[in-house]
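Summary of the model geometry
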Amino acid sequence: EADIYQTPRYLVIGTGKKITLECSQTMGHDKMYWYQQDPGMELHLIHYSYGVNSTEKGDLSSESTVSRIRTEHFPLTLESARPSHTSQYLCASSELGQGAGETQYFGPGTRLLVL
Amino acid sequence: AQTVTQSQPEMSVQEAETVTLSCTYDTSESDYYLFWYKQPPSRQMILVIRQEAYKQQNATENRFSVNFQKAAKSFSLKISDSQLGDAAMYFCASYGGATNKLIFGTGTLLAVQP
């Protein structure tokens, strides 16, 4: 299994709360990603990073924000959670420089339920 | 733009039998890679197999192999000697060097019957 961790694994929270989903990897990968996945559906890229101090928005519009202060850490924050944010959030990482052949390694995911 | 299509939402196979999951893709890039990922229920998504588009030889990884038809833009996954642990959602994905993004299909849920 890949060395990429996400906490919490499950989170139930009320509307309006601020939450941060944690993602850490110990593989020294430069590139990190956040995907949103509704149950039984495909993954949609919401944020990615090429390295420290680099963050980019993905294809799916998201009200979340990310930061990359350290190589191994890529947290995702929702300033004010809403029921529409209920979903699974997957973090992934890959090694920069593999060209078009990079393999992404995924964390176990965080299942978020906003009441 | 890249697209990945999996036309089989669900598939079922008997234990020890062989099953093939279909995937078609579309890309304007000449340099791209194709992947099959497996997502077991409530477990981590893991890479099953990957194929470099410039290679004509089909990738193989133990019981898993692909049938890569570049002209037809088809990338099917064959699972031989299916095991109960193969039950999972399988996602086909493509990665292009120009877009630098991994695009996923909608997935195929595979059930393995004992």
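See the structure printed just above.
This one's a predicted model, so the numbers in the text were calculated from it and none came from an experiment. (Residues numbered from 1 in each chain as written. Chains lettered and ligands numbered in written order. Predicted model: local features only at pLDDT ≥ 70, side-chain atom pairs only at ≥ 80, totals over all residues. Heavy atoms only, no water.)

**Description of the interface of chain B and chain A**
With 24 residues of chain B at the contact, the number on the chain A side is 28 residues. Roughly 2,000 Å² is buried in total at the junction of chain B and chain A, and carbon and sulfur atoms are behind 50% of that figure. Put simply, chain B and chain A have one salt bridge between them. Of the charged contacts, one joins Asp59(A) and Lys101(B) as a salt bridge, the two residues approaching to 2.8 Å between their closest N and O atoms. Applying the counting rule to chain B against chain A returns five residue pairs in polar contact (both at pLDDT 80 or more). Those elements that place two or more of their residues in the side of chain B that touches chain A are strand E5 (32-39), strand E6 (46-52), strand E10 (88-96) and strand E11 (102-104) of chain B. No other element matches the five residues that E5(B) contributes to the side of chain B that touches chain A. Residues belonging to the side of chain B that touches chain A are distributed by class as follows: twelve nonpolar, eight polar and four charged. (Contact = heavy atoms within 4.5 Å. Buried area = accessible area lost by both parts, 1.4 Å probe. Salt bridge = Lys/Arg side-chain N within 4 Å of Asp/Glu carboxyl O. Polar contact = N/O pair within 3.5 Å; in protein donor to acceptor, adjacent residues only side chain to side chain. Helix = DSSP H or I, 4+ residues; strand = E, 2+ residues; numbered from the N terminus. Nonpolar A, V, L, I, M, F, W, Y, C, P; charged D, E, K, R; others polar.)

**Some remarks on empty space enclosed by the protein**
Take a probe with the size of a water molecule and roll it over the atoms, and the empty space left behind shows itself. Per the stated rule, a full pass over the model turns up one cavity of 30 Å³ or more. The space that makes up the largest cavity amounts to roughly 30 Å³. Arg9(A), Tyr10(A), Gln88(A), Pro108(A), Gly109(A), Arg111(A) and Ser42(B) together form the lining of the largest cavity. Partitioned by chemical class, the residues of the lining of the largest cavity number two nonpolar, three polar and two charged. (1 Å grid on protein atoms, 1.4 Å probe; cavity = no way out; pocket = protein on both sides within 12 Å on 5 of 7 lines; lining within 4 Å. Points joined across faces, edges and corners; volume = space filled by probe spheres on them.)

**A short note on the pattern of salt bridges**
Side chains carrying opposite charge are able to pair once their charged atoms draw close together. Residue and element names in this part refer to chain A. Going through the model one piece at a time under the given rule, you end up with eight salt bridges over all chains. A salt bridge links Glu79 to Lys18, with the nearest nitrogen and oxygen atoms 3.9 Å apart. Of this pair, Glu79 sits in the loop between strand E8 (76-78) and strand E9 (87-94) while Lys18 sits in the loop between strand E2 (10-13) and strand E3 (19-25), and the two are 61 residues apart along the sequence. Given a relative accessible area of 48%, Glu79 falls into the partly exposed group. (Buried < 20%, exposed > 50% of the residue type's maximum accessible area, 1.4 Å probe, protein only.)

**Brief notes about the nonpolar core**
Within the largest apolar cluster, 25 residues are counted, with the highest numbers of intra-cluster contacts made by Trp36(B), Phe75(B), Leu77(B), Tyr90(B) and Leu110(B). Each residue touching Leu77(B), except ones within four places of it in the same chain, is listed here: Val19(B), Thr20(B), Leu21(B), Trp36(B), Val48(B), Ile49(B), Phe64(B), Ser65(B), Val66(B) and Tyr90(B). Formed by 18 residues, the second largest nonpolar core is a distinct cluster that contains Leu45(A), Ala92(A), Tyr37(B) and Met45(B). (Core = buried A, V, L, I, M, F, W, Y, C linked by side-chain atoms within 4.5 Å.)

**Considerations on the packing of aromatic side chains**
Any pair of aromatic rings gets described here by the distance separating the centres and the angle formed by the planes. Summed over the entire model, instances satisfying the criterion amount to 13 aromatic pairs over all chains. On the numbers, 5.4 Å between centres and 55 degrees between planes, the contact of Tyr25(B) with Tyr32(B) is tilted. When the centroid spacing of 6.4 Å and the interplanar angle of 80 degrees are considered together, the rings of Tyr33(B) and Tyr54(B) count as edge-to-face. Here the residue Tyr33(B) occupies a position in strand E5, and Tyr54(B) occupies one in the loop between E6 and strand E7 (60-61), the gap between them amounting to 21 residues. The class for Tyr33(B) is buried, based on a relative accessible area of 8%. Within the aromatic cluster, the residues linked to one another by ring pairs are Tyr33(A), Tyr35(A), Phe106(A), Phe35(B), Tyr37(B), Phe91(B) and Phe104(B). A cation sits over an aromatic face here: Arg68(A) above Phe74(A), 5.8 Å from the ring centre. (Phe/Tyr/Trp six-rings, centres within 6.5 Å; stacked < 30°, edge-to-face > 60°. Lys NZ or Arg CZ within 6 Å of the ring centre and 35° of its normal.)

**Side note on the side chain of Thr110(A)**
Residues and elements named next belong to chain A. Note on placement: Thr110 falls in strand E11 (residues 110-114). The exposure class assigned to Thr110 is buried, which follows from its relative accessible area of 0%. Within polar-contact distance, the side chain of Thr110 engages the backbone oxygen of Pro8 at 2.5 Å.

**Observations concerning the pairing of E11(A)**
Residue and element names in this part refer to chain A. What you see with E11 is a clean split: Thr110, Leu112 and Val114 sit on the buried side and Arg111 and Leu113 on the side with no burial. Sheet topology places E2 next to E11; four bridges connect them, and they run parallel. Within the sheet, the bridge partner assigned to Tyr10 lies in E11 and is Arg111. Pairing of E9 with E11 involves three bridges; the strand directions are antiparallel. Within E11, the position partnered with Ser87 by the bridge is Leu112. (Pairing = 2+ DSSP bridges.)

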